[in-house]
4 protein chains.
Amino acid sequence: MERLNETVLKEVIRQRPAKSHKGTFGRAVLIGGNQQFGGAILMAAQACVYGGTGLTTVISDPVNRSALHARLPEAMFVDWHRSDWIDSVTESADVLLIGPGLGESKDNFDLLQRIVTNQKEHQWLVIDGSAITLTAKYPVTFPYPDQVVFTPHQMEWQRLSGLTIAEQTTAHNQQAQEKLGSLVVLKSHRTQVYGKQIVENSLGTPAMATGGMGDTLAGIITSFLAQFKGSEAAVHGAVFLHSLIGEDLAKDQYVVLPTQISEALPRYMKQYSQQ
Amino acid sequence: MERLNETVLKEVIRQRPAKSHKGTFGRAVLIGGNQQFGGAILMAAQACVYGGTGLTTVISDPVNRSALHARLPEAMFVDWHRSDWIDSVTESADVLLIGPGLGESKDNFDLLQRIVTNQKEHQWLVIDGSAITLTAKYPVTFPYPDQVVFTPHQMEWQRLSGLTIAEQTTAHNQQAQEKLGSLVVLKSHRTQVYGKQIVENSLGTPAMATGGMGDTLAGIITSFLAQFKGSEAAVHGAVFLHSLIGEDLAKDQYVVLPTQISEALPRYMKQYSQQ
Amino acid sequence: MERLNETVLKEVIRQRPAKSHKGTFGRAVLIGGNQQFGGAILMAAQACVYGGTGLTTVISDPVNRSALHARLPEAMFVDWHRSDWIDSVTESADVLLIGPGLGESKDNFDLLQRIVTNQKEHQWLVIDGSAITLTAKYPVTFPYPDQVVFTPHQMEWQRLSGLTIAEQTTAHNQQAQEKLGSLVVLKSHRTQVYGKQIVENSLGTPAMATGGMGDTLAGIITSFLAQFKGSEAAVHGAVFLHSLIGEDLAKDQYVVLPTQISEALPRYMKQYSQQ
Amino acid sequence: MERLNETVLKEVIRQRPAKSHKGTFGRAVLIGGNQQFGGAILMAAQACVYGGTGLTTVISDPVNRSALHARLPEAMFVDWHRSDWIDSVTESADVLLIGPGLGESKDNFDLLQRIVTNQKEHQWLVIDGSAITLTAKYPVTFPYPDQVVFTPHQMEWQRLSGLTIAEQTTAHNQQAQEKLGSLVVLKSHRTQVYGKQIVENSLGTPAMATGGMGDTLAGIITSFLAQFKGSEAAVHGAVFLHSLIGEDLAKDQYVVLPTQISEALPRYMKQYSQQ
């Protein structure tokens, strides 16, 4: 299995074309954040904006609007009770992320199904957190599975693939991924990505084992898919950069806060865009 | 066409008079921010306050009050459903900015028309974002067009001038501007300003191509109009400084956040005020 | 007229006693912040907390609670519609500040009167902003005028003293202050304090002429009265330190944000406490 | 009486195991924050997250949700009116902290009793602030008193133990602690911890005597109990580290803000984890 290293960042992060506008760098729509887990979608949104996405919209419970704008005025907001607005905002998206802090209620599932059903051929769909659990629990048909990325941790992967954690060997995971037909980012202390290629992250530190780290990774993946060609490599780059920043911060910190990783993205991406 | 350079900043940014009070540095009123695009008016307000405006008031949907004050207690707030308060606050303004995150509903248009109709002879009016689209869509008569600045990007300029993006040559733009009788800041990777003079920005970086950058520019323009004599030059200075800071930050960052530009304003303005 | 200098800080700011608790450093209660001017009371509260007050409570409109706690979890909050809570909180205060962003409605006046009437003999009362205008407009009897500080700017002083700005000479101001029987901090580009002594601030920069600067000064005065003996000197120290920090920041900044002054208080106060 | 020093930090703060996930570093649930004292639970939560806890949930009045997420998206939130959610969240906790900003109403007591009654054998319970006063006022039976930590200041200890401040000698305190059967962190300018061992903090500065400092200590204690084996030593470590950071910051600051201590935790903990 190939191990990710800095090369992937140099290949993926392109220099921005001089003649460009915010549309050039993609439209991302992030769906999640109920009344209990609002912070998750805020962290995903921060990663998405600081990762360089041109336009980022959050669809969430309205209780999360004030905190989002207090932290991140750069993102737009849609109340998830307004289905007319949801349809109009998602239609023009390049990438949709659903799951951070979404919750697992019937309403949450209905929203997930609406998002999945409306997927356009050119759109990427990132399925994270509670959205993975929901797709494992209820039948959902993805119109374009090869434009879908799942980001499970090991327990969510068990729910989705039916493989117990003990059974999650490379061969089994590969079979399950092929059956899904989508990219799988299997998160653990050494994250693996299953797709056309199978790669393993060479980095990762226990200082990153804190709530919100996965939401932040989902936001970076979304941002990279919105901006960079070669989608599988873009996902590899997002996974590697997330850990690279985490390891650097962990040199001085016992625990690394997810939002600190997001804040460091513009500087790290600059370095690799020039090489 | 003349290209803007640092000279404009040295000419525009004056040393503050020793005997002065906050009224000396202008009263700005910023109108925008519906339930979806609240961040836009927050970013414009931050630019306006950090640009040195004496007093800044935001007229917006009340859902945006908490986030505004959490970020920027220096600004005042008026609920845009309170027309009595709107009239009293706008009457004493030196500059009014309308548009960032305003929205394009009938209510938004009614508010725009109220603001436009109430313009006083000495007041500057900056028309940005959705307010441009609305003035293109519905007939609005500006009582003092030569005290108005429009800040369209190319698509908004198409709506306002009737010129397709391909037709937006210097000569055509100049004709359209003369017909409007107002200053036009035509935003692109090399922003141009059409007025008595036609100038082009020599700076601008694709790292600035991210949501909220235009709202921030609108806030700086508003702040400069509130403080500095020679209004056309003040607009030139605002356009140039916005890009100058953006280019500097982009030396170390792949993407520049709009709010980072606002935060840098006091230090940059100090440098040019002394030259 | 004596001019304030660093000596006053060395005299006023004492080294904290080793055996102490938060009660040792005073209880401040700050009243203000309606639905339009909430930022004012937030800025006063930040100055009060960063100035070292042991316990700070804000009594305000409930729309301001979220922004206060997002910025300053160190402060406590009381909804100003709850008169029972107001009475219990104010009773144990050492200093009360009323006025920043209070507003000038009948309800605001009723609250002012309640606060003034309940003043205890040992309590200091700082009357700022709209509270000055209200006391000029309606008859209010202060039970302990020599425990009151007024902080008017020149127009507010005109309303309170009846002296037009042109008439505000040292002699006239002194007569008006003697009639009031309270300390008067007359704010201008060279603030003067009228009391047993008459002093003039030697510092102050036009970079400080921005909305919220007076609210911040009111918060520092409140904090110094809560902590330091020799109340008139404490007010002198607060006035001087506010400008001293402002001038220092203005060496690098065209405009100084009020909240930046508050953030610098702990470091500046440390320097002078050791001399 | 033994005096705490850096040794305790080297013993308590372990290097994180390479193979781990956020569950490895504990689940903390923090209960408090009414409509008046919301900041207290926000500060406790910040200390808990920055101290390295794997997952932190706040149970509080819903008015505190926006400010919590604006400051700390890493924490999750449960509205304290939802008893079904409370039960499900607390069941899986490793440590529960109740008290910061809780209030002393009948409803607050009912919530306290629900939390105490539901304590599981393996769970630690930290009783702070108003929760101490409530347990002193009303009879509460702790199912596992040896898994309970009380964090009173001297007045709260008087209420809980019946000892007046003058009577709070080491011997009396020890007797009272033995009767309780729980750990007691008796806060003063030299905090003492009563348990199997009796220890005194060698550090502590009057610059820390400001509102919220105790809430922050409670959050650090909770975080250390969630992560580190040898619970009594973990509490010692939390007490010592809180003061150590405070003393360091006080070298440059007249007053130390509680949130500054939390922000410094990751760097300080790193240093001691390597020794």
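Residues numbered from 1 in each chain as written. Chains lettered and ligands numbered in written order. Predicted model: local features only at pLDDT ≥ 70, side-chain atom pairs only at ≥ 80, totals over all residues. Heavy atoms only, no water.

## Some words on the interface of chain A and chain B
Each partner contributes residues to the interface: chain A has 36 residues there, and chain B has 29 residues. Each partner contributes to the roughly 2600 Å² buried at the junction of chain A and chain B, and carbon and sulfur atoms together form 61% of this total. It is A:R16, A:P73 and A:E74 in chain A that bury the most area against chain B; as a group they hold 23% of the surface buried on that side. Our count for the contact surface shared by chain A and chain B stands at zero salt bridges. (Contact = heavy atoms within 4.5 Å. Buried area = accessible area lost by both parts, 1.4 Å probe. Salt bridge = Lys/Arg side-chain N within 4 Å of Asp/Glu carboxyl O.)

## Examining the relation of the copies chain A and chain B
For the pair chain A and chain B, the best superposition has an RMSD of 0.0 Å and corresponds to a rotation of 90° with a translation of 0.0 Å parallel to the axis. Considering both components of the superposition, the chain copies are consistent with a four-fold axis. A different interface surface on each copy is seen, since only 8% of the contact residues of chain A are contact residues in chain B too. (Least-squares fit on C-alpha atoms with pLDDT ≥ 70 in both.)

## Topic: the interface of chain B and chain C
For an interface, size is often stated in terms of accessible area lost upon the parts coming together. In this assembly, 36 residues from chain B lie in contact with 29 residues from chain C. Run the count over chain B and chain C and you get zero salt bridges. Linking chain B with chain C are 10 residue pairs in polar contact (both at pLDDT 80 or more). Elements with a minimum of two residues in the side of chain B that touches chain C: α2 (38-50), α3 (65-71), β4 (76-79), α4 (83-91) and α11 (258-273) of chain B. By residue class, the composition of the side of chain B that touches chain C is 18 nonpolar, nine polar and nine charged. (Polar contact = N/O pair within 3.5 Å; in protein donor to acceptor, adjacent residues only side chain to side chain. Helix = DSSP H or I, 4+ residues; strand = E, 2+ residues; numbered from the N terminus. Nonpolar A, V, L, I, M, F, W, Y, C, P; charged D, E, K, R; others polar.)

## A look at the arrangement of the chains
The two partners chain A and chain C share no contact, and the minimum distance between any of their C-alpha atoms is 8 Å. Spatially, chain B and chain D are disjoint, and the shortest separation between their C-alpha atoms is 8 Å.

## Notes on the relation of the copies chain B and chain C
Relative to chain C, chain B is turned by 90° and slid 0.0 Å along the rotation axis, the superposed coordinates differing by an RMSD of 0.0 Å. When you check the interface residues of chain B against chain C, a mere 8% turn up at the interface there too, and the two sides of the contact use different surfaces.

## Looking at the UniProt feature "domain: YjeF C-terminal" (unreviewed entry) in chain A
Per the UniProt annotation, the sites labelled "domain: YjeF C-terminal" (unreviewed entry) are residues 5-272 of chain A. Note that residues 5-272 of chain A is 46% helix and 14% strand, and that its end C-alpha atoms are spaced 12 Å apart. (UniProt positions renumbered as here; feature names shortened; annotations may be inferred.)

## Details of the sheet that holds strand β6 (residues 124-127) of chain A
Residues and elements named next belong to chain A. Strand order in the open sheet made by the 10 strands is β1-β10-β9-β8-β7-β6-β5-β2-β3-β4, with mixed pairing throughout. Only two strands of the sheet have a single neighbouring strand rather than two, namely β1 (2-4) and β4 (76-79). Sheet twist, expressed as the mean angle between neighbouring strand axes with direction ignored, is 20°. Here strand β8 (residues 183-186) runs beside strand β9 (residues 192-194); their pairing, made up of three bridges, is antiparallel. Bridged to V184 within β9 is Y194. (Pairing = 2+ DSSP bridges. Axes fitted to C-alpha atoms, helices over the stretch in contact; angles between N-to-C directions.)

## Comments concerning the packing of aromatic side chains
Residue and element names in this part refer to chain B. On inspection of all chains with the given rule, the structure shows 16 aromatic pairs over all chains. On the basis of an interplanar angle of 45° and a centroid distance of 4.6 Å, the ring pair of F109 and Y138 is categorised as tilted. Remark: Y138 occurs in the loop between α6 (130-137) and β7 (148-150) and F109 occurs in helix α5 (residues 106-117); sequence separation between them is 29 residues. Owing to a relative accessible area of 8%, F109 belongs among the buried residues under this scheme. (Phe/Tyr/Trp six-rings, centres within 6.5 Å; stacked < 30°, edge-to-face > 60°. Buried < 20%, exposed > 50% of the residue type's maximum accessible area, 1.4 Å probe, protein only.)

## Topic: the side chain of A:E232
All names here are of chain A. Among the structural elements, E232 can be located in helix α10 (residues 231-250). Summary of buried charges: E232 has no salt-bridge partner, and the nearest side chain of opposite charge, K196, is 4.7 Å away. There is a polar contact of 3.0 Å between the side chain of E232 and the backbone nitrogen of K196. If sequence neighbours within four positions are ignored, E232 has contacts with L183, G195, K196 and Q197. (Lys, Arg positive; Asp, Glu negative; His and termini not counted.)

## A word on the side chain of C:Q123
Residues and elements named next belong to chain C. Note that Q123 resides in the loop between α5 (106-117) and β6 (124-127). You can call Q123 buried: its relative accessible area is 1%. Separated by 3.4 Å, the side chain of Q123 and the backbone oxygen of E91 make a polar contact. Among the polar contacts listed, one links the side chain of Q123 to the backbone nitrogen of K120, at a separation of 2.9 Å. Excluding residues that lie within four positions of it along the chain, Q123 makes contacts with T90, E91, A93, D94, L96, N118 and Q147.

## Section: the packing of helix α5 (residues 106-117) of chain A against helix α6 (residues 130-137) of chain A
All names here are of chain A. At a closest axis distance of 10 Å, the pairing of α5 and α6 adopts a crossing angle of 90°. Put simply, α5 runs roughly perpendicular to α6. Of the residues in α6, those in contact with N108, F109 and L112 of α5 are A131, L134 and T135. (Parallel < 35°, antiparallel > 145°, perpendicular 65-115°, else oblique.)

## Overview of the packing of helix α9 (residues 213-227) of chain A against helix α11 (residues 258-273) of chain A
All names here are of chain A. Where α9 contacts α11, the two axes come as close as 9 Å, and the packing angle between them is 30°. By the angle between their directions, the pair α9 and α11 is classed as roughly parallel. Here the hand of the crossing between α9 and α11 comes out right-handed. Judged by residue contacts, M213, T216, I220 and F224 of α9 engage P258, I261, S262, L265 and M269 from α11. (Left-handed = near helix turned anticlockwise from the far one by under 90°.)

## Here's the deal with the sheet that holds strand β6 (residues 124-127) of chain B
All names here are of chain B. Strands sit in the order β1-β10-β9-β8-β7-β6-β5-β2-β3-β4 across an open sheet of 10 strands; the sheet is mixed. Here the strands that pair on one side only, and so sit at the sheet edges, are β1 (2-4) and β4. Averaged over all adjacent pairs, the angle separating strand axes in this sheet is 20°, with direction ignored. Direction of pairing for strand β9 (residues 192-194) relative to strand β10 (residues 198-201): antiparallel, over a ladder of three bridges. The residue of β10 that forms the bridge with V193 is V199. The strands that helix α9 (residues 213-227) touches are β2 (27-31), β5 (95-98), β6, β7 and β8 (183-186); relative to β5, the one it contacts most, it runs at about 170°.

## Quick look at the pairing of β6(C)
Residue and element names in this part refer to chain C. Of the two faces of β6, the one carrying W124 and V126 and the one carrying L125 and I127 are both buried. By the bridge criterion, four bridges tie strand β5 (residues 95-98) to β6 in an arrangement that is parallel. For L96, the partnering residue across the bridge sits in β6 and is L125. The parallel pair β5 and β6 is bridged by α5, and the resulting crossover is right-handed. The pairing of β6 with strand β7 (residues 148-150) spans three bridges and is classified as parallel. Within β7, the residue paired with V126 across the bridge is V149. For the segment spanning β6, helix α6 (residues 130-137) and β7, crossover handedness is right-handed. (Right-handed = clockwise from strand over helix to strand, strands pointing away.)

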